[in-house]
Amino acid sequence: MPDNASKLQTKEEYDKKKQAEGEKAPKKRRRRVFPIWLRLLVVPVVLVIFLLLGMLFGYGVLGDGNAFDVLKRDTWTHIYNLVNEKS
């Protein structure tokens, strides 16, 4: 702030005066509550969790099987063989 800061009581008044004079007020730096680097870690983890929940629901509730069988390798081998079976 300038030397005559005693005349100006608040930063808002200083910013308004500078805007009236045609000068740009100093930009306020934004502090993120949820940083970008944390988003890059959290979003893929949440997506994987929802993928697993969807598989468990689909196989267990909609498919009338044991929900945790979808996590077994034998189940996926069987599905792979069904899809790639030559007719």
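Residues numbered from 1 in each chain as written. Predicted model: local features only at pLDDT ≥ 70, side-chain atom pairs only at ≥ 80, totals over all residues. Heavy atoms only, no water.

1. Considering the overall build of the protein chain
(1) Moving on: For the protein chain, the helix and strand inventory stands at three helices and zero strands.
(2) Moving on: Counting the 87 residues in the protein chain, one finds 9% classified as buried. (Helix = DSSP H or I, 4+ residues; strand = E, 2+ residues; numbered from the N terminus. Buried < 20%, exposed > 50% of the residue type's maximum accessible area, 1.4 Å probe, protein only.)

2. Points about the pattern of salt bridges
(1) Moving on: Tallied over the entire structure, the rule returns one salt bridge.
(2) Moving on: In this structure, Asp69 engages Lys72 in a salt bridge whose closest nitrogen and oxygen atoms are separated by 3.2 Å.
(3) Moving on: What makes Lys72 partly exposed here is its relative accessible area of 46%. (Salt bridge = Lys/Arg side-chain N within 4 Å of Asp/Glu carboxyl O.)

3. Focus: the confidence of the model for the protein chain
(1) Moving on: Per-chain confidence: the protein chain averages 83 in pLDDT, with 83% of residues scoring 70 or above.
(2) Moving on: Per-element confidence in the protein chain is highest for helix H2 (residues 36-62), whose mean pLDDT is 95, and lowest for helix H1 (residues 11-20), whose mean pLDDT is 74. (pLDDT = per-residue confidence, 0-100.)

4. Focus: H2
(1) Moving on: With 27 residues, H2 ought to run about 39 Å at 1.5 Å a step, and its terminal C-alpha atoms sit 37 Å apart, in line with that.
(2) Moving on: The first or second residue beyond H2 is Asp64, which carries a positive phi of 55°. (Expected span 1.5 Å × (residues − 1).)

5. A word on a nonpolar patch on the surface
(1) Moving on: Taken together, the side chains of Val33, Phe34, Trp37, Leu41, Val42, Val45, Val46, Ile49, Phe50 and Leu53 define a hydrophobic patch exposed on the protein surface, amounting to about 1,000 Å² of accessible area.
(2) Moving on: Assignment of secondary structure puts Ile49 in helix H2.
(3) Moving on: Residue class for Ile49 comes out partly exposed when judged on its relative accessible area of 46%. (Patch = residues over 30% accessible without salt bridge, like charges linked within 9 Å, V, L, I, M, F, W, Y side chains within 5 Å. Areas by Shrake-Rupley, 256 points an atom, 1.4 Å probe, with all protein chains shown as cover.)

6. Looking at the side chain of Thr75
(1) Moving on: Mapped onto the elements of the fold, Thr75 is located in helix H3 (residues 73-83).
(2) Moving on: Dropping the residues within four chain positions of it, Thr75 is found in contact with Tyr59, Asp69 and Val70. (Contact = heavy atoms within 4.5 Å.)

7. Side note on unusual backbone geometry
(1) Moving on: One non-glycine residue, Asp64, lies in the positive phi region at around 55°.
(2) Moving on: The topology assignment puts Asp64 in the loop between H2 and H3.

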